[in-house]
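Structure at a glance
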Amino acid sequence: MTTATDQIDYQSPQRGPQWRAVWDAFSQNRAVPIAGSVLLVLVLLVLSAPLLAPYDPYALGSGSRLGGHSFQNIMGVDNLGRDVFSRILWGGRVSIFVGFSAAFATTVMGLLVGTISGYLGGWVDDILMRFTETFMVIPRFFLALIIVAFFGANIWNIIFAISILTWPVTARLVRSEFLTLRTRQFVDAAHVIGTPRSTIIFREILPNAIGVVVVNASLLTAQAMLLEAGLSYLGLGDPSLVTWGRMLYEAQPFLRQAWWMAVYPGLGIFLSVLTLNLLGDGLNDVLNPRSSEIHRTGL
């Protein structure tokens, strides 16, 4: 089965950089390989929690209460005698899961709304964009507080609250790309030869718009982790699970006596968010060569 780009000279833009070009783009930003390595180590550590954690994260009496660093407790012990290192590993699993799950849900919702709005245009675009703008003007964090407080503080409600508040950014980005790409010659050529609408959307336009979506998804993952940490820090996290935000909440009364209770989960959040943002910057250089050229030349 042939497509518009097979029969007519109007060619769709290149749909993905070659591996050599990808590596060259990444290597020009020295912080990106370091960030990628740090993030990979963090993910591998938290995924290996069942093997690496020396204690049950919920077990009391893993060490002396508020005990400092030792061979048995390399990151110290919290106020209930729980091993901080074990809780860091298990808490990272939940925090990273929330980040990626919320980013995935947000991206799917944003892609759906942005694709329909950008491709159809007209009154459909007006209605969807007014709906999108309604969510954008609402302060995210405070609405998340209300949603979690009303529906209950469990992990799925937190993911839902984060997703429902962050999808408008993705929707507007996708809409903008579709509005630009639908007027290109390769799309006109597809219309001329009678290509079905669904094929034009998913085979001609969407592959060329996916770059900004991937970059935005990496940033949304970091934002979701920060939102979850903020909710947990205020005591609205899932009380049945260990998360880095929950650890910060529990460490508040003991900052003077046991600084390690707050420093290590805070460091986990900081490294995760920093590396995700640096990777997003690197992905933008790979998937948006024009942006990369402007950044290098200063034009």
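Everything numeric in this text was worked out from a predicted model, so none of it was measured.

Parameters at a glance
Residues numbered from 1 in each chain as written. Predicted model: local features only at pLDDT ≥ 70, side-chain atom pairs only at ≥ 80, totals over all residues. Heavy atoms only, no water. Helix = DSSP H or I, 4+ residues; strand = E, 2+ residues; numbered from the N terminus. Buried < 20%, exposed > 50% of the residue type's maximum accessible area, 1.4 Å probe, protein only. Contact = heavy atoms within 4.5 Å. Areas by Shrake-Rupley, 256 points an atom, 1.4 Å probe, with all protein chains shown as cover. Salt bridge = Lys/Arg side-chain N within 4 Å of Asp/Glu carboxyl O. Patch = residues over 30% accessible without salt bridge, like charges linked within 9 Å, V, L, I, M, F, W, Y side chains within 5 Å.

1. Some details on the overall build of the protein
- Looking only at helices and strands, one finds 13 helices and 0 strands in the protein.
- Helices (α) and strands (β) of the protein occur, in sequence order from the N terminus, as α-α-α-α-α-α-α-α-α-α-α-α-α.
- Counting every position in the protein, which comprises 299 residues, the buried fraction comes to 47%.
- In the protein, once contacts between residues fewer than 6 apart in sequence are set aside, the share between residues at least 24 apart is 72%.
- Counting only carbon and sulfur atoms, one obtains 66% of the accessible surface of the protein, whose full area is about 15,500 Å².

2. Considerations on the pattern of salt bridges
- For the structure on display, the rule yields 8 salt bridges.
- A salt bridge links R130 to E133, with the shortest nitrogen-to-oxygen separation between them at 3.0 Å. With R130 and E133 both in helix α6 (residues 122–136), this residue pair falls 3 residues apart, about one helical turn.
- Assessed through its relative accessible area of 42%, R130 is described here as partly exposed.

3. Here we look at a nonpolar patch on the surface
- Taken together, the side chains of V41, L45, L51 and L52 define a hydrophobic patch exposed on the protein surface, amounting to about 380 Å² of accessible area.
- Counting residues per element, the ones that place at least two in the nonpolar patch are α3 (31–47) and α4 (49–52).
- Within the fold, L51 resides in helix α4.

4. Thoughts on the environment of D285
- Inspection of the secondary structure assignment puts D285 in helix α12 (residues 260–287).
- Overall, D285 belongs to the buried group, its relative accessible area being 10%.

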